[in-house]
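Next come the chains, spelled out residue by residue.
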Amino acid sequence: MYVSALTGTGAAVGGTAAAPGVGTGVALALSAGEALSSLELTALFALSIAEVHGVPIDEVERRRTIVMGIMLGGTGSTTITKIAERTGQHWGRQVVARVPVETLRQINKILGKNFVTKYGTKQGIIVLGRVAPFGIGAVIGGSANAAIATLAVRASRRAFGPAPMSWDG
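Computed from a predicted model, the values in this text were never measured in an experiment.

> Honestly, the nonpolar core in this entry has me stumped. Any pointers?
Most often, soluble globular proteins have nonpolar side chains that are buried together. Counting 28 residues, the largest nonpolar core has Tyr 2, Ile 66, Val 67, Ile 70, Leu 111, Phe 115 and Phe 160 as its most contacted members. Among the elements of the structure, α1 (2-15), α2 (23-52), α3 (60-72), α6 (101-130) and α7 (136-160) are those that each provide at least two residues to this core.

As C-alpha coordinates, then:
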(Lines give C-alpha, C1' and ligand atoms only; values in the text may rest on other atoms or scores of the structure.)
Protein backbone atom coordinates (compact mmCIF):
# COMPACT_ATOMS: atom_id res chain seq x y z
CA MET A 1 0.00 0.00 0.00
CA TYR A 2 2.88 2.34 0.83
CA VAL A 3 4.60 1.74 -2.51
CA SER A 4 1.32 2.23 -4.38
CA ALA A 5 0.51 5.46 -2.54
CA LEU A 6 3.94 6.97 -3.17
CA THR A 7 3.92 5.87 -6.82
CA GLY A 8 0.47 7.36 -7.37
CA THR A 9 1.35 10.74 -5.90
CA GLY A 10 4.51 10.99 -7.98
CA ALA A 11 2.66 10.11 -11.17
CA ALA A 12 -0.20 12.50 -10.40
CA VAL A 13 2.12 15.44 -9.79
CA GLY A 14 4.15 14.60 -12.89
CA GLY A 15 0.96 14.31 -14.91
CA THR A 16 0.08 17.94 -14.23
CA ALA A 17 3.02 19.00 -16.38
CA ALA A 18 1.17 17.65 -19.42
CA ALA A 19 -1.44 20.43 -19.19
CA PRO A 20 -0.65 22.97 -21.94
CA GLY A 21 0.44 26.40 -20.82
CA VAL A 22 0.19 26.12 -17.06
CA GLY A 23 1.36 22.55 -16.50
CA THR A 24 5.03 23.19 -15.83
CA GLY A 25 4.44 25.90 -13.24
CA VAL A 26 1.75 23.89 -11.48
CA ALA A 27 3.94 20.77 -11.52
CA LEU A 28 6.80 22.71 -9.92
CA ALA A 29 4.54 24.04 -7.19
CA LEU A 30 2.98 20.63 -6.54
CA SER A 31 6.37 18.92 -6.52
CA ALA A 32 7.48 20.88 -3.47
CA GLY A 33 4.41 19.75 -1.57
CA GLU A 34 4.72 16.21 -2.88
CA ALA A 35 8.31 15.98 -1.64
CA LEU A 36 7.11 16.84 1.86
CA SER A 37 4.17 14.47 1.68
CA SER A 38 6.39 11.60 0.51
CA LEU A 39 8.73 12.32 3.41
CA GLU A 40 5.78 12.23 5.81
CA LEU A 41 4.40 9.03 4.28
CA THR A 42 7.79 7.34 4.53
CA ALA A 43 8.17 8.42 8.16
CA LEU A 44 4.72 6.99 8.92
CA PHE A 45 5.68 3.75 7.16
CA ALA A 46 8.97 3.45 9.08
CA LEU A 47 7.40 4.14 12.46
CA SER A 48 4.54 1.75 11.72
CA ILE A 49 7.03 -1.01 10.98
CA ALA A 50 8.80 -0.27 14.29
CA GLU A 51 5.49 -0.39 16.14
CA VAL A 52 4.58 -3.74 14.58
CA HIS A 53 7.93 -5.11 15.76
CA GLY A 54 7.44 -3.82 19.29
CA VAL A 55 10.26 -1.28 19.11
CA PRO A 56 9.58 1.66 21.43
CA ILE A 57 9.01 4.87 19.48
CA ASP A 58 8.08 7.13 22.35
CA GLU A 59 11.37 9.08 22.34
CA VAL A 60 12.17 11.60 19.60
CA GLU A 61 15.75 10.38 19.11
CA ARG A 62 14.60 6.80 18.57
CA ARG A 63 12.03 7.94 16.02
CA ARG A 64 14.65 10.00 14.17
CA THR A 65 17.08 7.08 14.07
CA ILE A 66 14.44 4.72 12.70
CA VAL A 67 13.14 7.12 10.05
CA MET A 68 16.53 8.33 8.81
CA GLY A 69 18.05 4.85 9.01
CA ILE A 70 15.33 3.40 6.80
CA MET A 71 15.27 6.34 4.38
CA LEU A 72 19.06 6.16 3.95
CA GLY A 73 19.01 2.41 3.36
CA GLY A 74 22.42 0.74 3.43
CA THR A 75 24.21 3.95 4.41
CA GLY A 76 21.94 4.30 7.42
CA SER A 77 22.44 0.69 8.50
CA THR A 78 26.20 0.97 8.28
CA THR A 79 26.33 4.22 10.22
CA ILE A 80 24.00 2.99 12.96
CA THR A 81 25.81 -0.28 13.57
CA LYS A 82 29.24 1.38 13.47
CA ILE A 83 28.47 4.12 15.99
CA ALA A 84 26.40 1.91 18.26
CA GLU A 85 29.29 -0.59 18.21
CA ARG A 86 26.89 -3.42 17.65
CA THR A 87 26.63 -5.69 14.71
CA GLY A 88 24.12 -8.17 13.58
CA GLN A 89 21.05 -8.51 11.53
CA HIS A 90 17.99 -6.32 12.06
CA TRP A 91 19.44 -3.16 13.62
CA GLY A 92 15.95 -1.75 14.12
CA ARG A 93 15.12 -4.24 16.82
CA GLN A 94 18.54 -4.69 18.36
CA VAL A 95 20.17 -1.29 18.22
CA VAL A 96 17.42 1.27 18.46
CA ALA A 97 15.57 -0.41 21.32
CA ARG A 98 18.67 -0.96 23.48
CA VAL A 99 21.07 1.88 22.69
CA PRO A 100 21.25 4.80 25.14
CA VAL A 101 19.68 8.06 23.98
CA GLU A 102 23.04 9.87 24.02
CA THR A 103 24.45 7.38 21.50
CA LEU A 104 21.32 7.82 19.39
CA ARG A 105 21.97 11.59 19.35
CA GLN A 106 25.47 10.93 17.94
CA ILE A 107 24.00 8.60 15.34
CA ASN A 108 21.34 11.14 14.38
CA LYS A 109 23.90 13.94 13.91
CA ILE A 110 25.72 11.87 11.30
CA LEU A 111 22.54 10.49 9.73
CA GLY A 112 21.07 14.00 9.58
CA LYS A 113 23.94 15.32 7.46
CA ASN A 114 23.75 12.32 5.13
CA PHE A 115 19.97 12.55 5.00
CA VAL A 116 19.85 16.19 3.94
CA THR A 117 22.43 15.62 1.22
CA LYS A 118 21.10 12.34 -0.13
CA TYR A 119 17.35 12.97 0.18
CA GLY A 120 17.62 16.58 -1.03
CA THR A 121 19.59 15.56 -4.10
CA LYS A 122 17.15 12.78 -4.99
CA GLN A 123 14.13 15.04 -4.59
CA GLY A 124 15.74 17.81 -6.66
CA ILE A 125 16.37 15.43 -9.54
CA ILE A 126 12.85 14.01 -9.30
CA VAL A 127 11.30 17.50 -9.31
CA LEU A 128 13.11 18.29 -12.55
CA GLY A 129 11.94 15.01 -14.07
CA ARG A 130 8.33 15.58 -13.06
CA VAL A 131 8.05 18.82 -15.03
CA ALA A 132 8.84 17.10 -18.33
CA PRO A 133 5.95 17.69 -20.76
CA PHE A 134 3.70 15.29 -22.72
CA GLY A 135 3.08 12.91 -19.82
CA ILE A 136 6.76 12.03 -19.51
CA GLY A 137 6.75 13.75 -16.11
CA ALA A 138 4.07 11.34 -14.88
CA VAL A 139 6.20 8.35 -15.83
CA ILE A 140 9.31 9.85 -14.25
CA GLY A 141 7.48 10.94 -11.09
CA GLY A 142 5.75 7.61 -10.61
CA SER A 143 8.83 5.55 -11.40
CA ALA A 144 11.11 7.58 -9.15
CA ASN A 145 8.69 7.44 -6.24
CA ALA A 146 8.18 3.70 -6.76
CA ALA A 147 11.95 3.19 -6.64
CA ILE A 148 12.30 5.26 -3.46
CA ALA A 149 9.43 3.41 -1.79
CA THR A 150 10.80 0.01 -2.80
CA LEU A 151 14.20 0.90 -1.33
CA ALA A 152 12.53 1.98 1.91
CA VAL A 153 10.64 -1.32 2.09
CA ARG A 154 13.87 -3.27 1.56
CA ALA A 155 15.67 -1.18 4.17
CA SER A 156 12.87 -1.77 6.68
CA ARG A 157 13.08 -5.51 6.09
CA ARG A 158 16.84 -5.40 6.69
CA ALA A 159 16.34 -3.27 9.79
CA PHE A 160 13.55 -5.27 11.41
CA GLY A 161 13.35 -8.64 9.69
CA PRO A 162 10.10 -10.48 9.07
CA ALA A 163 6.94 -9.30 10.77
CA PRO A 164 6.05 -11.09 14.00
CA MET A 165 3.40 -13.78 13.84
CA SER A 166 1.39 -12.09 16.60
CA TRP A 167 1.37 -8.90 18.67
CA ASP A 168 1.62 -8.71 22.43
CA GLY A 169 -1.35 -7.28 24.28
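From this point, the narrative continues.
> When you look at the pattern of salt bridges in this model, what are you seeing that I'm missing?
Applying the stated rule across the entire model yields 3 salt bridges. With a closest N to O distance of 3.0 Å, Glu 61 and Arg 64 form a salt bridge. Of this pair, Glu 61 and Arg 64 are both found in helix α3, 3 residues apart, which corresponds to roughly one turn of the helix. The shortest N-O distance in the salt bridge between Glu 61 and Arg 105 comes to 4.0 Å. Pair noted here: Glu 61 is in helix α3 and Arg 105 is in helix α6, with a separation of 44 residues, a long-range link. Assessed through its relative accessible area of 13%, Glu 61 is described here as buried.

> For this particular structure, what's the right way to read α1?
Side chains that are three or four residues apart share a direction in an α-helix, a result of its 3.6 residues per turn. For α1, built from 14 residues, the straight-helix expectation of 20 Å at 1.5 Å per residue is met to within 8% by its first-to-last C-alpha distance of 20 Å. Among the residues of α1, Tyr 2, Leu 6, Gly 10, Val 13 and Gly 14 are the ones counted as buried. All buried residues of α1 lie within an arc of 100° about the axis, which places them on one face of the element.

> What is the right way to read α7 from this model?
Relative to the 36 Å expected for 25 residues at 1.5 Å per residue, α7 spans 36 Å between its end C-alpha atoms, a close match to the ideal helical length. With its phi angle positive at about 80°, Gly 161 sits one or two positions after the end of α7.

How each quantity is defined
- Residues numbered from 1 in each chain as written.
- Predicted model: local features only at pLDDT ≥ 70, side-chain atom pairs only at ≥ 80, totals over all residues.
- Heavy atoms only, no water.
- Core = buried A, V, L, I, M, F, W, Y, C linked by side-chain atoms within 4.5 Å.
- Buried < 20%, exposed > 50% of the residue type's maximum accessible area, 1.4 Å probe, protein only.
- Helix = DSSP H or I, 4+ residues; strand = E, 2+ residues; numbered from the N terminus.
- Salt bridge = Lys/Arg side-chain N within 4 Å of Asp/Glu carboxyl O.
- Expected span 1.5 Å × (residues − 1).
- Arc of directions from axis to C-beta.

The analysis is restricted to geometry; functional conclusions fall outside its scope.
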